[in-house]
Amino acid sequence: MARSSSHSGTRKLETDHDLHPPISDADPMSWLSKLMPKRIRTQGGDKRKVPEGLWGKCEGCGAVLYQPELEANQQVCPKCSFHMPILARERLKQFLDEGTGTEIGAELAPADALKFKDSKKYKDRLVAAQKQTGESDALVALHGRLKGMPIAACAFEFSFMAGSMGSVVGERFTLAAEHALAHGMPLVCFSASGGARMQEGLFSLMQMAKTSAALARLREAGLPFISVMTHPTTGGVSASLAMLGDINVGEPQALIGFAGPRVIEQTVRETLPEGFQRSEFLVEHGAVDLIVDRRQMRDKLADLIAILMRRPRAAAG
Amino acid sequence: MNQNILEFEKPIAELEDKLRELRASSQGQSLDFESEIRKLDGKLREKTVEIFQNLSAWQIAQLARHPLRPYTLDYIGHICEEFHELAGDRAFADDAAIVGGLGRIDGKGVVIIGHQKGRDTRQKIRRNFGMPRPEGYRKALRLMHMAERFRLPVLTLIDTPGAYPGVGAEERGQSEAIARNLLEMSKLRVPVVCTVIGEGGSGGALAIGVGDRVNMLQFSTYSVITPEGCASILWRSAERARDAAEAMGLTAARLIEHGLIDRIIPEPLGGAHRDPKTTAENLKALVLGQIAELEKLDTDVLLTQRYEKLRGMGQYQAA
């Protein structure tokens, strides 16, 4: 089962793939509450005013941090630069030019086509996730501006059922790609996902094909897709849209892989090498182009996109 | 106990044994066993129909991975008058969990690609239980691009528990290999016909499963995760695989209701393993028809239709 975050600065793996035998692009969420830093659950609500909520602990170095300072630092520890989870909406807000950002596919809501029920009904899990996150599903898609350049950008909300990709996630991503295509703008996606959403069965698997097909069109039109993989990006999301960037970016130490370490350990029955499936490992093995610190993300991506779009460089900031 | 007989097949196997004994003892005998044999044969048929009419999703999941179920090379042997296997991804290795090559079906040149499982222990290991590594998917893609260059239709046969979760597979970019196939198959400029013949396991299946037509054999399965995997996550016990199989709706009958697949290929009474030849004939007839139909289309129309097909996948509420 999911362990609590380590204090060593290296993250322990917490995807579903650890839990079961060979192969899945799916994910669980029973372990999600353990995964979620308590901070996120109290953020944005009335509890924010409660003094205790003002202090948090770095999941990397254990330093006690002043919450507003951490927020201003985009949830990156000012002491050790450990990247903690950030809400999808918050990330996009920090990434896009202030005051820009119009939602794509906000009207879509998940359906329970299979009437799926395990220990809980899928419907109930959805309601709980919606209540907890304030999001209707696990992807937020916007179009706005990045240093004046028109852009479509989406981000996975990991706290919504482990950022799992079901029909709404796939559809919103595809709509964002199609918006980019129709308006000749680049697309950026920040992924954080355990994979496909089991409760939607094969519908969720097919989102992998659908999003990839949409990216094929973007590619043929010569419009850039920048994929930013954040902690964690595994399963069906990693094995589709996330790996298809013209440029693949990793956040420092993010876990990125097809199967999770525990499944692999069970399969091969050997201890995995240090740093296995971290961003740095993927750069070394040629799957990720570069690692970008969250605090430099906006500048760096704007620079890359401006060159690909044959535009002059924008000023930093 | 015979490992090749599933629990629910036992009554069938018992009748088959009796029939065999009866036939053997009637050899060279002057006694007339004919009516007895006919009676038993009728009973066997009746019993088989009874069992196969009411299969649960879990039973179908077991049939899909039946130890005697025909595999890709078995079907190729039946449907092709010629097949030339081609190896390697031209970068790292040849992956025996995926086979591919040039073949002829009724004189028609095709590129065939499929997952391959092994029959005995040695072959199972060699084929890695039908679980491909990145080089398998890259070999598949290389062959698909070749098909595109020479304007040959692509026929894929899907039968895998999933892509291999190993250290080397991760190092060599398992995710990227699958993702790239999805993207490339969506725009391949020749007809692509995919058929699930056994287990359609997750992304490892989909990586050779994006096409203009997607068929399933009657007792094959196609799912986002194995029933065991789903059970161990959502029920916290792999023992609940039966429940997971029911909940996920992984059978051909359920999937066609949702419009997720195009056609179901009927299997002979008792399943494909009882009559691989007839199963192969059914498969051949359908895919040849589909290829002929697709080849009539202008390439742009073909690609537009394929995109629309993928584009329409999903169920959600639009407020």
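The paragraphs below set out a description of the structure included in this document.

What counts and what doesn't
Residues numbered from 1 in each chain as written. Chains lettered and ligands numbered in written order. Predicted model: local features only at pLDDT ≥ 70, side-chain atom pairs only at ≥ 80, totals over all residues. Heavy atoms only, no water. Helix = DSSP H or I, 4+ residues; strand = E, 2+ residues; numbered from the N terminus. Contact = heavy atoms within 4.5 Å. Axes fitted to C-alpha atoms, helices over the stretch in contact; angles between N-to-C directions. Parallel < 35°, antiparallel > 145°, perpendicular 65-115°, else oblique. Left-handed = near helix turned anticlockwise from the far one by under 90°. Nonpolar A, V, L, I, M, F, W, Y, C, P; charged D, E, K, R; others polar. Buried area = accessible area lost by both parts, 1.4 Å probe. Salt bridge = Lys/Arg side-chain N within 4 Å of Asp/Glu carboxyl O. Polar contact = N/O pair within 3.5 Å; in protein donor to acceptor, adjacent residues only side chain to side chain. Pairing = 2+ DSSP bridges. Buried < 20%, exposed > 50% of the residue type's maximum accessible area, 1.4 Å probe, protein only. Patch = residues over 30% accessible without salt bridge, like charges linked within 9 Å, V, L, I, M, F, W, Y side chains within 5 Å. Areas by Shrake-Rupley, 256 points an atom, 1.4 Å probe, with all protein chains shown as cover. Lys, Arg positive; Asp, Glu negative; His and termini not counted. Charge placed at Lys NZ, Arg CZ, Asp CG, Glu CD.

The next point concerns the side chain of Ser240(A). Take Ser240(A): it is sitting in the loop between helix H8 (235–238) and strand E9 (247–250). Setting aside chain neighbours within four positions, we find Ser240(A) in contact with Met165(A), Met208(A), Thr211(A), Ser212(A), Ala179(B) and Leu182(B).

Okay, the packing of helix H7 (residues 201–220) of chain A against helix H8 (residues 174–185) of chain B next. For any two helices packed against each other, one specifies the inter-axial angle together with the distance between the axes. Where H7(A) contacts H8(B), the axes come no closer than 8 Å and their chain directions differ by 65°. Taken together, the axes of H7(A) and H8(B) lie roughly perpendicular to each other. With respect to the hand of their crossing, H7(A) and H8(B) are arranged in right-handed fashion. Every residue of H8(B) that contacts H7(A) at Met208(A), Ala209(A), Ser212(A), Leu215(A), Ala216(A) and Arg219(A) is listed here: Ile178(B), Ala179(B), Leu182(B), Leu183(B) and Glu184(B). For the contact of H7(A) with H8(B), the per-class residue count stands at 8 nonpolar, 1 polar and 2 charged.

Turning to unusual backbone geometry, a few remarks are in order. A negative phi angle is the norm for most residues apart from glycine, just as the trans form is the norm for most peptide bonds. All names here are of chain A. Between His231 and the following residue, Pro232, the backbone shows a cis peptide bond with an omega angle of -15°. Locating Pro232 in the fold gives a position in strand E8 (residues 225–234). The phi dihedral of Arg310 falls on the positive side, at around 50°, and the residue is not glycine. Inspection of the secondary structure puts Arg310 in the segment after helix H11 (297–308).

The next thing to look at is the interface of chain A and chain B. Of the residues lining the interface, 71 residues belong to chain A; the matching set on chain B comes to 55 residues. For the chain A and chain B pair, buried surface summed over both sides reaches about 5,300 Å², with 70% attributable to carbon and sulfur atoms. At the boundary of chain A and chain B, one finds 3 salt bridges. Here Glu220(A) ties to Lys187(B) by a salt bridge, and the two come within 3.5 Å at their closest N and O atoms. Counting every contact that joins chain A to chain B gives 15 residue pairs in polar contact (both at pLDDT 80 or more). Of all the secondary-structure elements, those providing two or more residues to the side of chain A that touches chain B are strand E4 (108–110), helix H6 (167–183), H7 and helix H9 (261–268) of chain A. With 18 residues, the top contributor of residues to the side of chain A that touches chain B is H7(A). Split into classes, the residues belonging to the side of chain A that touches chain B amount to 40 nonpolar, 17 polar and 14 charged. Pairing geometry for E4(A) and strand E9 (residues 316–318) of chain B, over 3 bridges, is antiparallel. Along E9(B), the bridge assignment pairs Ala109(A) with Gln317(B).

This part covers the pairing of strand E5 (residues 139–146) of chain A. Residues and elements named next belong to chain A. Among the 8 residues of E5, 6 are classified as buried, and the element is accordingly described as predominantly covered. Of the pairings in the sheet, the one linking strand E3 (residues 102–103) to E5 comprises 2 bridges and is antiparallel in character. Counted as the bridge partner of Glu103 is Leu142 from E5. As defined by bridge partners, E5 adjoins strand E6 (residues 149–156) across 8 bridges and the pair is classed as antiparallel. Directly across from Leu142, in E6, lies its bridge partner Ala153. Here E5 hands over to E6 after 2 residues, with Lys147 in that stretch at a positive phi of 50°.

Residue and element names in this part refer to chain A. Taken together, the side chains of Lys115, Lys117, Lys121 and Lys123 present a region of like positive charge at the surface. You can see Lys117 is positioned in the loop between E4 and helix H5 (122–133). Residue class for Lys117 comes out partly exposed when judged on its relative accessible area of 48%.

This next bit is on the environment of Pro78(A). Residues and elements named next belong to chain A. Secondary-structure assignment places Pro78 in the loop between helix H3 (67–72) and helix H4 (88–95). Relative accessible area serves as the criterion here: at 34%, Pro78 is assigned to the partly exposed category. Taking the C-alpha atoms as reference, Pro78 lies 9.2 Å from Cys58; in sequence the two are 20 residues apart. Filtering out sequence-adjacent residues up to four positions away, Pro78 remains in contact with Leu65, Glu69, Leu70 and Asn73.

Bringing the pairing of strand E6 (residues 213–217) of chain B into the picture now. Burial runs high along E6(B): 5 of the 5 residues are buried. Of the two faces of E6(B), the one holding Arg213(B), Asn215(B) and Leu217(B) and the one holding Val214(B) and Met216(B) are both buried throughout.

Attention shifts here to the pattern of salt bridges. Evaluated as defined, the whole model comprises 40 salt bridges over all chains. Ionic pairing is found between Arg311(B) and Glu171(A), a salt bridge with its closest N-O pair at 2.8 Å. Residue Arg311(B) is found in helix H14 (residues 299–311), and its partner Glu171(A) is found in helix H6; the two belong to separate chains. Each member of the pair Arg311(B) and Glu171(A) is classed as buried. Arg138(B) is paired through a salt bridge with Glu176(B); the nearest N and O atoms lie 2.9 Å apart. Of the two residues, Arg138(B) sits in helix H6 (residues 134–149) while Glu176(B) sits in helix H8, which places them 38 residues apart along the sequence. Its relative accessible area of 24% is what places Arg138(B) among the partly exposed residues. According to the relative accessible area criterion, Glu176(B) is buried, its value standing at 17%.

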